Amino acid sequence: ICSRIAQLRQMLKILGWYKKQDDFEQWIKRQDAIQIHNYFPGLSFSDLKSIEKQKVKVSRVIHNYRKTCIQGNHYRKNKLCQKCDQKKRFSGVIRRCYNKKFILSFFMAAYNKKLEKFEKATNTQYIAISSTMSNYLGRIGVSENRIVIIPNSVPDFPRILESATELYRDWE
């Protein structure tokens, strides 16, 4: 029962019903830009609304396939799974792909839908950790001018830094 209470508490937090919003709103007002690695479970719906309201520039580092798979890796039972995409995640909910729980899978699918709207409204820029992740973003409709590749291992740092600087310069 304890884990169910923890799951409920986490869902309420993400909905913005379980934590104080004032601290985050005050912090976000002081930011020009933020870099996000994983939205879930750290940012609530009200946090996203605060970021959008303050018109803070957002860059998202893409480490996984969560934009099209609620589990994040397109694998199920040790086999490649392509049943979900950006528009339909119902299969992942039915199959309980997020933490093997129906309600959490449903919630994750709904949260991802909210993120799509948020990223469109904030004109989120993407940092891909590899060319594979960059290609993935392109395949799901992210325009090339919103993507920069910054590999996890950086053998050619000056070139990478120049590429990232161009991305942020385009924001102005």
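Computed from a prediction, not measured in an experiment: that's the story for all the values here.

Draft legend 1. Structural detail: the overall build of the chain. Secondary structure assignment for the chain yields seven helices and six strands. When its helices and strands are written in sequence order, the chain yields α-α-β-α-β-β-β-α-α-β-α-β-α. For the chain, buried positions account for 40% of its 172 residues. Excluding contacts between residues fewer than 6 apart, the proportion of contacts in the chain whose partners are at least 24 apart in sequence is 55%. Surface summary for the chain: the accessible area is close to 10900 Å², and the carbon and sulfur share equals 52%.

Draft legend 2. Representation of the sheet that holds strand β1 (residues 33–36). A sheet is described by the order of its strands in space; here four strands give the open sequence β1-β2-β5-β6, paired in parallel fashion. Only two strands of the sheet have a single partner each, and these edge strands are β1 and β6 (147–149). Averaged over all neighbouring strand pairs, the angle between strand axes comes to 20°, with direction disregarded. Bridge count between β1 and strand β2 (residues 57–62): four bridges; the pairing is parallel. Its bridge partner lying in β2, Ile36 is registered against Arg60.

Draft legend 3. Structural detail: unusual backbone geometry. Not every positive phi belongs to a glycine, and Asn99 is a case in point at roughly 55°. The class of Asn99 is exposed, set by a relative accessible area of 51%. The phi torsion at Lys100 lies on the positive side, around 60°, for a residue other than glycine.

Draft legend 4. Local environment of the confidence of the model for the chain. Considering every residue of the chain, the mean pLDDT works out to 82; 77% of them sit at 70 or more. Ranking the helices and strands of the chain by mean pLDDT puts strand β5 (residues 125–128) first, with 94, and helix α7 (residues 157–169) last, with 62.

Draft legend 5. Spotlight on the nonpolar core. Among the nonpolar cores identified, the biggest contains 23 residues, and Ile34, Tyr39, Leu43, Leu48, Ile51, Val58 and Tyr111 are the most heavily contacted of them. For this core, the elements supplying multiple residues, two or more each, are α2 (22–29), β1, α3 (45–54) and α5 (102–121). Take this core: its biggest share by element is seven residues, from α5. In terms of nonpolar packing, the next biggest core, distinct from the first, is built from twelve residues, Ile62, Tyr126, Ile129 and Leu137 among them.

Draft legend 6. Expanded view of the packing of α2 against α3. Closest axis-to-axis distance for the α2/α3 pair is 10 Å, and the angle between their directions is 30°. Taken together, the axes of α2 and α3 are roughly parallel relative to one another. By crossing handedness, the relation of α2 to α3 is classed as right-handed. On α3, the residues touching Phe24, Glu25, Ile28 and Lys29 of α2 are Asp47, Ser50, Ile51, Lys53 and Gln54. When grouped by side-chain class, the residues that make up the contact of α2 with α3 number three nonpolar, two polar and four charged.

Definitions and cut-offs
- Residues numbered from 1 in each chain as written.
- Predicted model: local features only at pLDDT ≥ 70, side-chain atom pairs only at ≥ 80, totals over all residues.
- Heavy atoms only, no water.
- Helix = DSSP H or I, 4+ residues; strand = E, 2+ residues; numbered from the N terminus.
- Buried < 20%, exposed > 50% of the residue type's maximum accessible area, 1.4 Å probe, protein only.
- Contact = heavy atoms within 4.5 Å.
- Areas by Shrake-Rupley, 256 points an atom, 1.4 Å probe, with all protein chains shown as cover.
- Pairing = 2+ DSSP bridges.
- Axes fitted to C-alpha atoms, helices over the stretch in contact; angles between N-to-C directions.
- pLDDT = per-residue confidence, 0-100.
- Core = buried A, V, L, I, M, F, W, Y, C linked by side-chain atoms within 4.5 Å.
- Parallel < 35°, antiparallel > 145°, perpendicular 65-115°, else oblique.
- Left-handed = near helix turned anticlockwise from the far one by under 90°.
- Nonpolar A, V, L, I, M, F, W, Y, C, P; charged D, E, K, R; others polar.

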